[in-house]
Amino acid sequence: MTRFIGAIDQGTTSTRCIVFDQAGSVVACAQKEHAQIYPQPGWVEHSPGEILRNTDEVIAAALASANLTAHDIQAIGITNQRETTIVWDRHSGEPLHNALVWQDTRVDPLVAYFSAQGGKDRFRARTGLPLASYFSGLKLRWLLDQIPGARNKAAAGDLLFGTIDSWLLWHLTQGKHLTDVTNASRTQLMNLQTLQWDEELCRTFDIPPGVLPRIVSSSEIYGEVTHGPLKGVPIAGILGDQQAALVGQACFAPGEAKNTYGTGCFLLMNTGTKAVSSAAGLVTTVAYQLGNSPACYALEGSIAISGALVQWLRDNLGLIRTSAEIEALAATVADNGDVYVVPAFSGLYAPYWKDHARGVIAGLTRYANKGHIARAALEATAYQTRDVLAAMEQDSGIRLSELRVDGGMVVNEILMQFQSDILDVEVVRPKVTETTALGAAYAAGLATGYWRSLDDLRNNWGVDKTWVPAMSKQQRGRLYQSWKKAVTRSFGWSES
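Conventions adopted
Counting of residues starts from 1 at the beginning of each chain's written sequence and follows it residue by residue. At least 70 in pLDDT is required for a residue's local features to be given in this predicted model, at least 80 for side-chain atom pairs to be given and counted, and no such filter applies to totals for whole chains, interfaces and linings, which use all residues. Side-chain measures here rest on the full set of heavy atoms in the structure, leaving out hydrogens and waters. Any carboxyl oxygen of Asp or Glu that lies within 4 Å of a side-chain nitrogen of Lys or Arg is treated as forming a salt bridge with it. Runs of H or I in DSSP of at least four residues are treated as helices and runs of E of at least two as strands, each being numbered from the N terminus. Buried, partly exposed and exposed residues are distinguished by accessible area as a fraction of the type maximum, computed with a 1.4 Å probe on protein chains only: under 20%, between the cut-offs, and over 50%, respectively. A helix is expected to span 1.5 Å for every residue after the first. To get the bend at any residue, fit one axis to the seven residues that end at it and another to the seven that begin at it, then take the angle between the two axes. Within 3.5 Å is the distance limit for a polar contact, defined as a pair of N or O atoms, with the added protein rule that one can donate a hydrogen and the other accept it, and that residues adjacent in sequence qualify only through two side-chain atoms.

*Asks:* Is there a simple way to explain the pattern of salt bridges in this structure?
*Replies:* Should the charged atoms of two oppositely charged side chains come close, the side chains can pair. All chains considered together, the criterion is met by 27 salt bridges. Residue Glu57 pairs with Lys32 through a salt bridge whose shortest N-O separation is 2.8 Å. Of the two residues, Glu57 is situated in helix 1 (residues 48-65) and Lys32 in strand 3 (residues 26-33); the sequence distance between them amounts to 25 residues. With a relative accessible area of 40%, Glu57 lands in the partly exposed category. Glu83 is the partner of Arg82 in a salt bridge, and the nearest nitrogen-oxygen pair spans 3.8 Å. Taken as a pair, Arg82 and Glu83 share a single burial class, namely buried. One salt-bridge network, in which partners are shared between bridges, spans Arg82, Glu83, Arg186, Asp241 and Glu300.

Structure below.
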């Protein structure tokens, strides 16, 4: 009997269930969006209950679309939006608050407080991360401080914390409270060397260790689904979404890198079993740990806003009706008309780490029209990727020969060609672009013997299309210099 591997891909804007065969090809897929909740400027929340309901729905829909049952699925993996923070009651399983999304900036005052006592990099040696609103630890601190009775619940052992992977696993298994090393490495509470919660960091942030999930590898059997159409199927892989894409792109050798173009944009380079410290504004993170093998690490550059900028043009400005229309609008003009969009809606992430930056549109003249703004919005993602890649090459000492790409925006020809042009490297799109879900499936399949080795996964990877640089050195330099000028205009806007 032919069997398959499933993956739950819980992202920032939607939840998907995808079923893969042994070649890594998609057999079935279902997707459902969830609400983005903005209580006030800079605050971003999701409903944990809605995410659970959507997860159940897409699992059922994906299986039904291909006439599959639990007997056809050997195992499932989970991949998730990272850093997004939930606390819930141990006994009822009910959340105490909406999830604080990774983009949320309400903990900026806490960032400033802890930075004042030792600088933004005071915990970087142990965690690989600068102090920033991005990571989970301070979001958890805020929830403990702001939810009435939360600290009493925690002291009584009745409160649990988790990122989305832990939240899903808890409910699918009815009580397994675990997280994998990749998600734990994004909390700013895990020691990169020991791969365990750091007691001193927990004391510093005033986090009671009893609320934290147990840290496990990215590829092992954690438990079985206890209900629904996947009842009895082992859950055997967990990876944060960007690490999952690195695995899905088969970037298993030091120096191999991928860029995922989604709500945000995330460039990761495998550095092997050595955690490489960044001197250029990147973060050091766990790439994956497969079973009992040593953990592998990565350098990462996180860009907060990429696809979300297209959504903003659609939803807030009404320039387009659907996100797919952005390319046609950008194609109505030959270039950006010297217009630059810096989408610092919640500050700037790598390599700048400017919490008080805010979005700007620079270079406007009467000549500029909506086509120029559309093109500038697409180009913003490519420019930000160049910022990150330059820092990555500086830290690693490795000059990239190609960039493997995935995510929803890689179907955009204008963006991909411009990305190749502004980087002056080849950009390669794989045949299977669902690399995030595929990475989680690979982790689950390795743990259950569906795939035997990393070579099996490498052999599944194939090229769909390659973009080759076609821009002169002079033009590349002129455009990038103007971009850098526009970025500086975004600095220091917010004074709060």
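Next comes the rest of the account.
*Asks:* Help me understand helix 12 (residues 370-396), please; the structure alone is not making it clear to me.
*Replies:* Residue pairs three or four apart in sequence face the same way in an α-helix, which turns once every 3.6 residues. Between the first and last C-alpha of helix 12 there are 39 Å, a value that for 27 residues agrees with the 39 Å anticipated at 1.5 Å per step. The largest bend in helix 12 amounts to roughly 25° and is located at Glu379. Structurally, the start of helix 12 carries an N-cap: the backbone nitrogen of Gly371 is 2.8 Å from a side-chain oxygen of Asn369. A positive phi of about 75° marks Gly397, the residue just after helix 12.

Any functional reading would require information that these geometric values do not contain.
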